[in-house]
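# Commentary on secondary and tertiary structure
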Amino acid sequence: MITAPVRIELRPLAIPASIDSPDAADFIEMVRVRNRIYAEISGHDDHRIAADELLPIYQPDELERRLVWTVSVDGEMVGRVGVDLPLEGDSKVAFWLIELVRDVWGRGVGSTAYELVERTARENGRTVLQSWAEHPDAPGPRLAAPTGFGTIPDDHAARFYVRHGYTLEQIERNSAFDLRGPFEEVKRLLSGATAASEGYRVVQWFAPTPAEFFAGYAWMKSRMVTDAPAASLEFDEETWDAARVARHDAMYTDAGRPLLVTAAQHIATGELCAFNELVIGKDRTEATHQEDTLVLKDHRGHKLGTLVKCAGLLTWRDFAPESPRVITYNAEENRPMLDINEAIGFVPIAYEGAWKKVLDD
Ligand SMILES: CC(C)(COP(=O)(O)OP(=O)(O)OC[C@H]1O[C@@H](n2cnc3c(N)ncnc32)[C@H](O)[C@@H]1OP(=O)(O)O)[C@@H](O)C(=O)NCCC(=O)NCCS
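Bear in mind the structure is a predicted one, so any value in this text is a computation, not a measurement.

Our focus in this paragraph is the overall build of the protein. The helix and strand tally for the protein stands at nine helices and 14 strands. Computed over C-alpha atoms, the radius of gyration of the protein comes to 21 Å, within 12% of the 21 Å expected from 2.2 N^0.38 for 361 residues, which places it in the range of a compact globule. When its C-alpha atoms are laid out on the principal axes, the protein stretches across 70 × 50 × 45 Å. Counting every position in the protein, which comprises 361 residues, the buried fraction comes to 52%. Taking all contacts inside the protein whose residues are at least 6 apart in sequence as the whole, residues at least 24 apart take part in 70%. Surface accessibility of the protein: about 16,500 Å² in total, with carbon and sulfur atoms responsible for 52%.

This is the structure we're talking about:
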């Protein structure tokens, strides 16, 4: 088959100060295309986000430079390219994505965009390039993660990564919990976890974080990159303080996205020891997203993971009764966390590959 040559344009996306600015049209169109691509890949609409709710994460941040380009083919916007450059310390890492509508796949558009990714990484002194993609289940040959946990189909995106020199490092499981189903098991698990965690109590807040929890929440957030299983992926250590917590929270509150933090507090010392986050858009009929969950190492073995997850879900059901389900991501080798999720009733709905390439210095 002879494919007609395509006119590909990669254009830096101007980030508007507000979604009502006269120059916001390209950003709004980028989000529309983004949402369409996620729906095409996953077969559902739970990854959609409103343009004004995505905008805050693109505003200038002293800890990360986010570069984004729109991709147009023959004058029509068909996708985007993103390169995120962490600015903490002497980072060698770049995270990137290329997302294109299905109609244009297999015509060299992704490869043209990829040249831009690698050039941008090199120009910024980054040699460790990492990227994630959903690989919808399909028959045929499969690729296994070197962790020994999970496989994905050797699909179009996988071939794209391999062709460009990437190796599969880890598989992430995307799971969903039905918020409209029975909650008896959640209640039962919560009472078991409460009995097993004498000496701790549940504290909850919606962002912004109350000042009394700044330090404890900051420390737990900083442990996410050090404590979550990362296979051979590379993440810079993060320093969190009250100012960073405030900036983190503002990304949700500025977007009008309620973020519920459910934490376990050690009563004797006041220390926060475990936490779980749930978030939704302004449209409460959307899916809920479960974000970070962590139990500090010294406090494991008291069912605090189950405690914060179940307490969070019960509060959430009253707060967002129209949200159909919670979706979450976990490393496929993270058995302790998957055990908790599976017991609660989360079921796998998709798998993502985490891919890495190291450039020569
Ligand atoms: C993964 C993705 C970015 C690839 O983009 P793409 O434009 O389809 O990629 P390319 O066309 O450059 O290369 C893919 C295939 O097309 C072939 N191809 C490249 N140029 C071509 C051309 N001019 N004409 C025909 N075929 C071509 C390539 O040889 C390659 O073939 P292979 O699969 O047998 O190796 C795209 O499918 C996508 O957006 N997927 C969803 C999001 C995603 O998974 N992104 C991954 C990175 S975050």
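Time to look at the packing of aromatic side chains. For the structure shown, the criterion picks out 17 aromatic pairs. Here phenylalanine 27 and tyrosine 58 contribute two aromatic rings whose centre-to-centre distance is 5.8 Å and whose plane-to-plane angle is 75 degrees, an arrangement assigned as edge-to-face. With phenylalanine 27 in helix H1 (residues 25–42) and tyrosine 58 in the loop between helix H2 (51–54) and strand S2 (64–73), the pair connects residues that are 31 residues apart, well separated along the chain. For the pair formed by phenylalanine 27 and tyrosine 58, the shared burial category is buried. Judged by centre distance (5.7 Å) and plane angle (85 degrees), the ring pair of tyrosine 217 and phenylalanine 275 falls under edge-to-face. Placement of tyrosine 217 in helix H6 (residues 214–227) and of phenylalanine 275 in strand S11 (residues 272–279) is noted, with a sequence separation of 58 residues between them. A relative accessible area of 0% means that phenylalanine 275 is categorised as buried. Note that arginine 223 overlies the ring of tryptophan 219, its terminal NZ or CZ placed 4.2 Å from the centroid. The ring of phenylalanine 183 carries arginine 317 above its face, with NZ or CZ at 4.4 Å from the centroid.

All right, on to the sheet that holds strand S8 (residues 167–178) then. The 12 strands lie next to each other as S1-S2-S3-S4-S5-S14-S8-S13-S12-S11-S10-S9, forming an open sheet whose pairing is mixed. Each edge of the sheet is formed by a strand with only one pairing partner; in this case those strands are strand S1 (8–12) and strand S9 (200–206). The sheet shows a mean angle of 25 degrees between the axes of neighbouring strands, taken without regard to direction. When S8 meets strand S14 (residues 347–358), the two strands line up antiparallel, connected through nine bridges. Following the sheet pairing, serine 175 is matched in S14 by proline 348.

Calculation rules
- Residues numbered from 1 in each chain as written.
- Predicted model: local features only at pLDDT ≥ 70, side-chain atom pairs only at ≥ 80, totals over all residues.
- Heavy atoms only, no water.
- Helix = DSSP H or I, 4+ residues; strand = E, 2+ residues; numbered from the N terminus.
- Rg over C-alpha atoms; globule rule 2.2 N^0.38 Å.
- Buried < 20%, exposed > 50% of the residue type's maximum accessible area, 1.4 Å probe, protein only.
- Contact = heavy atoms within 4.5 Å.
- Areas by Shrake-Rupley, 256 points an atom, 1.4 Å probe, with all protein chains shown as cover.
- Phe/Tyr/Trp six-rings, centres within 6.5 Å; stacked < 30°, edge-to-face > 60°.
- Lys NZ or Arg CZ within 6 Å of the ring centre and 35° of its normal.
- Pairing = 2+ DSSP bridges.
- Axes fitted to C-alpha atoms, helices over the stretch in contact; angles between N-to-C directions.

Purely spatial values, then, with no claim about function.
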